[in-house]
Amino acid sequence: MGKEVYFDNNATTQVIPEVIEAMVPFLGKYYGNPSSIHRFGSQVSEKIDSARAQVASLIGAADPVEVIFTSCGTEGDNAAIRGMLEAHPEKRHIVTTQVEHPAVLGLCQILEKKGYRVTWLSVDQDGGLDLAELRAALSDDTAAVSIMHANNETGVIFPIEEIGEIVRGRGIPFHVDAVQTAGKIALDLKRMPVDLLTISGHKFHGPKGVGALYVRRGITFPPFMIGGHQEKNRRAGTENVAGIIGMGKAAELASARIGEYDTRVRALRDRLEKSLSATAGEIRINGQAQKRLPNTSNVSFRYLEGESILVLLDQQGICASTGSACTAGSSEPSHVLRAMKTPADWLQGAVRFSLSGLNTEEEVTYVNEKVPSIVKRLKGLSALGQLGNHQADTDRGVASATLGARE
Ligand SMILES: Cc1ncc(COP(=O)(O)O)c(C=O)c1O
């Protein structure tokens, strides 16, 4: 097989061998149901509690009991928002942002159709929030505020501490989608003014199909899944035991290596951006003026189509993304870049490179060598750089059709 470079770690990460090793016994030997009273059950439930402690430590929870295992980040987001609303059925207002992951965005759109009033906080051209807008939005009718920690497409980090002070100062529960930050930047919920927080195992080298929702002690949280008594009656359903064990191990390893993101991974990402800025024609780095995740680079190539770039990158063994994996396959421009009022000539050509601690200098060098020729080839196909907007749209279609035919 030729060279493979995986720069799509915000979509998912490689499950590391130690995690798989930790999981295997729970797919075989330890098959008991953790709710059973006999030894087959108790030996499994003890291990689930160890995994809970490992996850609690990754996010700095004061008490492991504040961690509820879920099936994924999407479930955590849905459960948190629905739980906050159910805790205050008399209140009908939700505050969130225009740039959330579909797990929050889509749910809030549905709730809006069902009669909730939703305030969609805007972002500026760099992807930053206006805290005055947040302050003005909050009212006695606000039941829930849900704001992401870092954006999955641009990596822009919102000032969660300041936001939390404002929201909780009004006595309103505050949920944070930290799916993209857990394992990448240190979280300390003992100090963060946050009531509920979502994470997902597969974003930090754990398995897919398992996540966790942190619910601060004392917060009213009506369960989302109803059934048995698992997770102290807060999330019914027989546990994904191997997944939970794997997520716990991944949390332990991520805690030990978290400093590497701010040093080595950030240096790799910065080198990628510096080189592309010098050699890949007209580019802009979306969200660059804001505080960003150290592993994420969202690059717009002017007049080009992100999907065409991805196809050619893939031919060279380079895996990246146009935005969130969940919107791949749709030709709609990113809702995040639209909310940032990204001009039309930069909107379609966005490519997200997202690194992890497993990436190397050599891989960055390889990508830096390949991208300029891909850009040159696409510019040659469409000559978009020299054409007006109308002609550009027509030719953009031709460029992607040509590439499509070649596939
Ligand atoms: C910010 C954010 N929230 C939620 C999710 C959903 O997580 P999961 O894939 O575990 O459902 C994702 C996944 O990409 C994400 O990036």
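Scroll up to find the structure this text is about.
Student: Tell me about the sheet that holds strand 10 (residues 296-301), and please be specific about residues and values.
Tutor: The sheet built from three strands is open, its strands ordered 9-10-12 with antiparallel pairing. Strands at the two margins of the open sheet, each flanked by one partner only, are strand 9 (283-285) and strand 12 (350-354). Going from strand to strand, the sheet's axes swing by 25 degrees on average, the running direction of each strand aside. Bridge analysis of strand 10 against strand 12 gives five bridges, and the strand direction is antiparallel. Directly across from Val299, in strand 12, lies its bridge partner Val351.

Student: Which residues make up the site of the ligand, and what values go with them?
Tutor: In the vicinity of the ligand lie 13 residues, with Gly73, Thr74, Asp177, Ser200 and Lys203 positioned nearest. A distance of 2.6 Å separates an oxygen atom of the ligand from a polar atom in the side chain of Thr74. His202 has a polar side-chain atom sitting 3.1 Å from an oxygen atom of the ligand. Contact with the protein chains removes 90% of the 390 Å² of surface that the ligand exposes when unbound. Here the element with the most residues in the shell around the ligand is helix 3 (residues 73-87); it accounts for three residues.

Student: Let's hear about the pattern of salt bridges: which residues, and what values?
Tutor: On inspection of all chains with the given rule, the structure shows 21 salt bridges. Arg168 serves as the salt-bridge partner of Asp195, at 3.0 Å between the closest nitrogen and oxygen. One end of the pair, Asp195, is in the loop between strand 6 (174-177) and strand 7 (196-200); the other, Arg168, is in helix 6 (residues 160-169), with 27 residues separating them in the sequence. Overall, the relative accessible area of 32% leaves Arg168 in the partly exposed class. Between Asp188 and Arg191 there is a salt bridge, and its shortest N-O distance comes to 3.8 Å. Among the residues examined, Arg191 registers a relative accessible area of 70% and is labelled exposed. Bridged by salt links that share partners, the residues Arg269, Asp270, Glu273 and Arg292 form one connected network.

Parameters and conventions
- Residues numbered from 1 in each chain as written.
- Predicted model: local features only at pLDDT ≥ 70, side-chain atom pairs only at ≥ 80, totals over all residues.
- Heavy atoms only, no water.
- Pairing = 2+ DSSP bridges.
- Helix = DSSP H or I, 4+ residues; strand = E, 2+ residues; numbered from the N terminus.
- Axes fitted to C-alpha atoms, helices over the stretch in contact; angles between N-to-C directions.
- Near = heavy atom within 4 Å.
- Polar contact = N/O pair within 3.5 Å; in protein donor to acceptor, adjacent residues only side chain to side chain.
- Areas by Shrake-Rupley, 256 points an atom, 1.4 Å probe, with all protein chains shown as cover.
- Salt bridge = Lys/Arg side-chain N within 4 Å of Asp/Glu carboxyl O.
- Buried < 20%, exposed > 50% of the residue type's maximum accessible area, 1.4 Å probe, protein only.

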